[in-house]
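# Commentary on secondary and tertiary structure
Here are the chains, one letter per residue:
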Amino acid sequence: MIIQLKENASGKESDSLKEMLESKSFRFKTVKTQLGKYLIALGNNEIDIRSIGNLPAVRDVHAVNDKQQLVSSKWKTSPTVIQLGNDIKIGDESFRVIAGPCSIEDKEQVNGMREFLSEQHIQIMRGGVFKPRSSPYSFRGVGIEGLKYFSALCHENNIKVITEVMEAEKIEAMYPYVDIFQVGARNSQNFNLLDALGKVDKPVLLKRGVSGTLDELLYSAEYIFSGGNERIILCERGIRTFEKSYRNTLDLNAIPLLKEKTHLPVIVDPSHGTGKKELIEPMTLAGLMSGADGVMIEIHKNPEKAVSDGAQSLNFKQMETLNQKVKMTSEFLNETLIRNF
Ligand code: PEP
Ligand code: MN
């Protein structure tokens, strides 16, 4: 059960609510986010929710049984829209394109990339500065110094920055330079990191684990929300299956199902979901058709020279073509009312 509390509820009013729950043997947890105050009541006991709804501390009460309480669409039926300022949103009616290199390499790369993104009206740039790599001998990122120039150059062009955070201890140092914190597939169930991001007042893009179920993804999102941060974007980035023809199997089934289960925006990452540049365009368009709120794509001026994930990176020309196709498809869907963008 989710009990939304009134902002101005007095201590006494909240106490009488808690006493009532205790008398019915409910356990509860208070959640305070940047946007609201909630009491999550746990237990399968019989209770007439109207008796709770009538208490002075209570704004609204929702009977939700599943464990993904706060991220569930069962209590919050309107979609969550992530505001990044300057009219940049994720989860509104538009399909948001995020693009950038797998890894930030140097200033020259960021400079060229930001000019290209500006020309393409792409307002969010991705780029890893701390890279989770399977082998410890692979390139592991330019670190915080790289993040500083990545952020400064992008912000000059009004482009928002998304980058991966791999450990809770780095959040503070990264905070001034980041607009969206990315949690990578490998850290999808790093509960200490998720708890710490619950305390942050910036959006979090949470990727599905390499072999993570949708329920596990939603539980991970619940950690962030119940820690105090409601601004979460989910990302389908492919899962490991028996199929070896591509790096991962992009699970597009997940998009409409997640959109039904949760009010959070969901984006698709066809780069890691396929590992092959030829598959990025069809999977992006399929993601759009399946109801995703956006896409995150790896691009590089010269993919053959990329320090990581070159095989799945589009060059600028390919990205330009894809961007046009995304626009045309969105307009078509809008006009034909198959989907409202
Ligand atoms: C990335 O976005 O560069 C990345 C490492 O992705 P994932 O965590 O999905 O493997
Ligand atoms: Mn990558």
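Here the structure is shown first, and the text comes after it.
Residues numbered from 1 in each chain as written. Chains lettered and ligands numbered in written order. Predicted model: local features only at pLDDT ≥ 70, side-chain atom pairs only at ≥ 80, totals over all residues. Heavy atoms only, no water.

Let us look at the packing of helix α3 (residues 107–119) against helix α4 (residues 143–156). Working note: a packed helix pair is described by the angle between its axes plus the distance between those axes. Taken N-terminus to C-terminus, the directions of α3 and α4 make an angle of 25 degrees; their axes are 10 Å apart at the nearest point. Relative to α4, the element α3 lies roughly parallel. Considering the relative orientation of α3 and α4, their crossing is right-handed. On α4, the residues touching Lys107, Val110, Asn111 and Arg114 of α3 are Tyr149, Phe150, Leu153, Cys154 and Glu156. Considered class by class, the residues forming the contact of α3 with α4 number five nonpolar, one polar and three charged. (Axes fitted to C-alpha atoms, helices over the stretch in contact; angles between N-to-C directions. Helix = DSSP H or I, 4+ residues; strand = E, 2+ residues; numbered from the N terminus. Parallel < 35°, antiparallel > 145°, perpendicular 65-115°, else oblique. Left-handed = near helix turned anticlockwise from the far one by under 90°. Contact = heavy atoms within 4.5 Å. Nonpolar A, V, L, I, M, F, W, Y, C, P; charged D, E, K, R; others polar.)

What follows is about the coordination of the manganese ion (ligand 2). Looking at the manganese ion (ligand 2), the protein donor atoms are Cys102 (SG), His272 (NE2), Glu298 (OE) and Asp309 (OD), and they sit 2.0 to 2.4 Å from it. Taken in chain order, the donor set of the manganese ion (ligand 2) reads C-x169-H-x25-E-x10-D. A residue pair is termed long-range when its members are at least 10 positions apart, and His272 in helix α9 (residues 270–274) and Asp309 in the loop between β14 (294–298) and α11 (316–336) qualify at 37 residues. (Donors = N, O, S within 2.8 Å, 3.2 Å for Na, K, Ca; no water.)

Let's shift gears to the pattern of salt bridges. Oppositely charged side chains can form a pair if their charged atoms are brought close together. Taken as a whole, this structure holds 14 salt bridges when the rule is applied. A salt bridge links Glu167 to Lys170, with the nearest nitrogen and oxygen atoms 2.8 Å apart. Relative accessible area serves as the criterion here: at 33%, Glu167 is assigned to the partly exposed category. Three or more residues joined by partner-sharing salt bridges are found here, namely Arg114, Glu115 and Glu156. (Salt bridge = Lys/Arg side-chain N within 4 Å of Asp/Glu carboxyl O. Buried < 20%, exposed > 50% of the residue type's maximum accessible area, 1.4 Å probe, protein only.)

Attention now moves to the site of ligand 1. Surveying the vicinity of ligand 1 reveals 13 residues, the closest of which are Arg126, Lys131, Ala185, Lys207 and Arg237. Residue His272 places a side-chain N or O atom 3.3 Å away from an oxygen atom belonging to ligand 1. Residue composition of the shell around ligand 1, by class: three nonpolar, three polar and seven charged. (Near = heavy atom within 4 Å. Polar contact = N/O pair within 3.5 Å; in protein donor to acceptor, adjacent residues only side chain to side chain.)

Let us now look at the sheet that holds strand β11 (residues 204–207). Strands sit in the order β7-β8-β9-β10-β11-β12-β13-β14 around a closed barrel of eight strands; the barrel is parallel. Taking the axes of each pair of neighbouring strands and ignoring which way they run, one obtains an average angle of 25 degrees across the sheet. Note that strand β10 (residues 180–183) and β11 share three bridges and pair parallel. Considered in β11, the bridge of Phe181 is made with Val204. α3 rests against β7 (96–100) and β8 (124–126) of the sheet, and its axis sits at about 145 degrees to β8. Docked against the sheet, helix α8 (residues 254–261) engages β12 (232–236) and β13 (266–268), running at close to 170 degrees with respect to β13. (Pairing = 2+ DSSP bridges.)

Here the focus is the packing of aromatic side chains. The tally for this structure, following the rule as stated, stands at four aromatic pairs. Taking the centre distance of 6.0 Å and the plane angle of 75 degrees together, the rings of Tyr38 and Phe225 count as edge-to-face. Pair noted here: Tyr38 is in strand β3 (residues 37–42) and Phe225 is in helix α7 (residues 214–227), with a separation of 187 residues, a long-range link. Accessibility classification places Tyr38 together with Phe225 in one group, the buried group. Ring geometry for Phe116 versus Phe316: centroids 4.2 Å apart, planes at 10 degrees, classification stacked. Residue Phe116 is found in helix α3, and its partner Phe316 is found in helix α11; the two are separated by 200 residues along the sequence. Under the relative-accessibility criterion, Phe316 is labelled buried at 17%. (Phe/Tyr/Trp six-rings, centres within 6.5 Å; stacked < 30°, edge-to-face > 60°.)

Turning to the packing of helix α10 (residues 280–289) against α11, a few remarks are in order. At a minimum axis separation of 10 Å, α10 and α11 run at an interaxial angle of 25 degrees. Between α10 and α11, the angle is such that the two are roughly parallel. For the crossing formed where α10 meets α11, the hand is right-handed. Touching Ile280, Glu281, Thr284, Leu285, Leu288 and Met289 of α10 are Thr321, Leu322, Lys325, Val326, Thr329, Ser330 and Leu333, all from α11. Residues belonging to the contact of α10 with α11 are distributed by class as follows: seven nonpolar, four polar and two charged.

Shape is all these values report; function is a separate question.
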